[in-house]
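Below are the chains, spelled out letter by letter.
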Amino acid sequence: AQRMTGTLAGLMLCVVLFAIFKGVSARIVLMTIFNFLIYCAGSYASMVTFITGSALALNFVEENYLVMLGQRLIYTIVGAAIAWAANTWVFPIRAKRQMKFIEEILEEIRRDADKALALPRAQRICELNHLAMLSYMLGMRMDDLNSTLPKEKQNHALEQELQVHMRALADC
């Protein structure tokens, strides 16, 4: 969605700017400005806006820039359709299945934390730190997976569940 938004914003920006600045030198200046703004972008969508502007400014030899802008739009739509099809049928993210698997690993981590209490102090601290880091990374993955689900299928108590898990590790 951000890529489409950024591309459309870049196309609209280019329609205006290329109508005002028609010369080759003006396009080179625009390209330089766009290239600078790519690194200052605050979001992926704004970065794609500037990448689109930079890429199109390079094509300053094209007399009819509207044709060039239309081609860019078509390429983006086709690319988005291919990516959507691949994500849907070729490489689908099975978020619920992955989340269930991570929940099982977190349960195993809680059991391992209880076992770590019997270890000598230095080894126990090392093992609990390892389990805490692993729990943190798995929790972040669960949060990412949860956010990909439709609102009605999300686990709205996930953050609290992860906090309870981390507190249990901290109490060991």
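All of the points below concern the structure found in this document. Source: prediction; values computed, not measured. (Residues numbered from 1 in each chain as written. Predicted model: local features only at pLDDT ≥ 70, side-chain atom pairs only at ≥ 80, totals over all residues. Heavy atoms only, no water.)

The next thing to look at is a nonpolar patch on the surface. The grouping of Val15, Val16, Ile20, Phe21 and Leu66 at the surface amounts to a nonpolar patch, some 440 Å² of accessible area in total. Looking at the nonpolar patch, the element that brings in the most residues is helix α1 (residues 2-20), giving three residues. (Patch = residues over 30% accessible without salt bridge, like charges linked within 9 Å, V, L, I, M, F, W, Y side chains within 5 Å. Areas by Shrake-Rupley, 256 points an atom, 1.4 Å probe, with all protein chains shown as cover. Salt bridge = Lys/Arg side-chain N within 4 Å of Asp/Glu carboxyl O. Helix = DSSP H or I, 4+ residues; strand = E, 2+ residues; numbered from the N terminus.)

One finds Ile102, Leu106, Ile109, Leu131 and Met142 to be the most contacted residues of the largest nonpolar core, which totals 16 residues. Contributions of two or more residues to this core are made by α5 (95-116), α6 (121-148) and α7 (158-171). It is α5 that contributes the most residues to this core, seven residues altogether. (Core = buried A, V, L, I, M, F, W, Y, C linked by side-chain atoms within 4.5 Å. Buried < 20%, exposed > 50% of the residue type's maximum accessible area, 1.4 Å probe, protein only.)

As for its placement among the helices and strands, Ser135 is situated in helix α6. Ignoring sequence-local partners within four residues, the contact set of Ser135 consists of Leu106, Ile109, His165, Met166 and Leu169. (Contact = heavy atoms within 4.5 Å.)

On to the packing of aromatic side chains, then. Evaluation of the coordinates by the stated rule reveals one aromatic pair. Both rings, one in Trp84 and one in Trp89, keep their centres 5.2 Å apart while their planes meet at 80°; by these two values the pair is edge-to-face. Neither Trp84 nor Trp89 differs from the other in exposure class; each is exposed. The residue whose ring lies beneath Arg27 is Phe18, and the NZ or CZ to ring-centre distance is 4.0 Å. (Phe/Tyr/Trp six-rings, centres within 6.5 Å; stacked < 30°, edge-to-face > 60°. Lys NZ or Arg CZ within 6 Å of the ring centre and 35° of its normal.)

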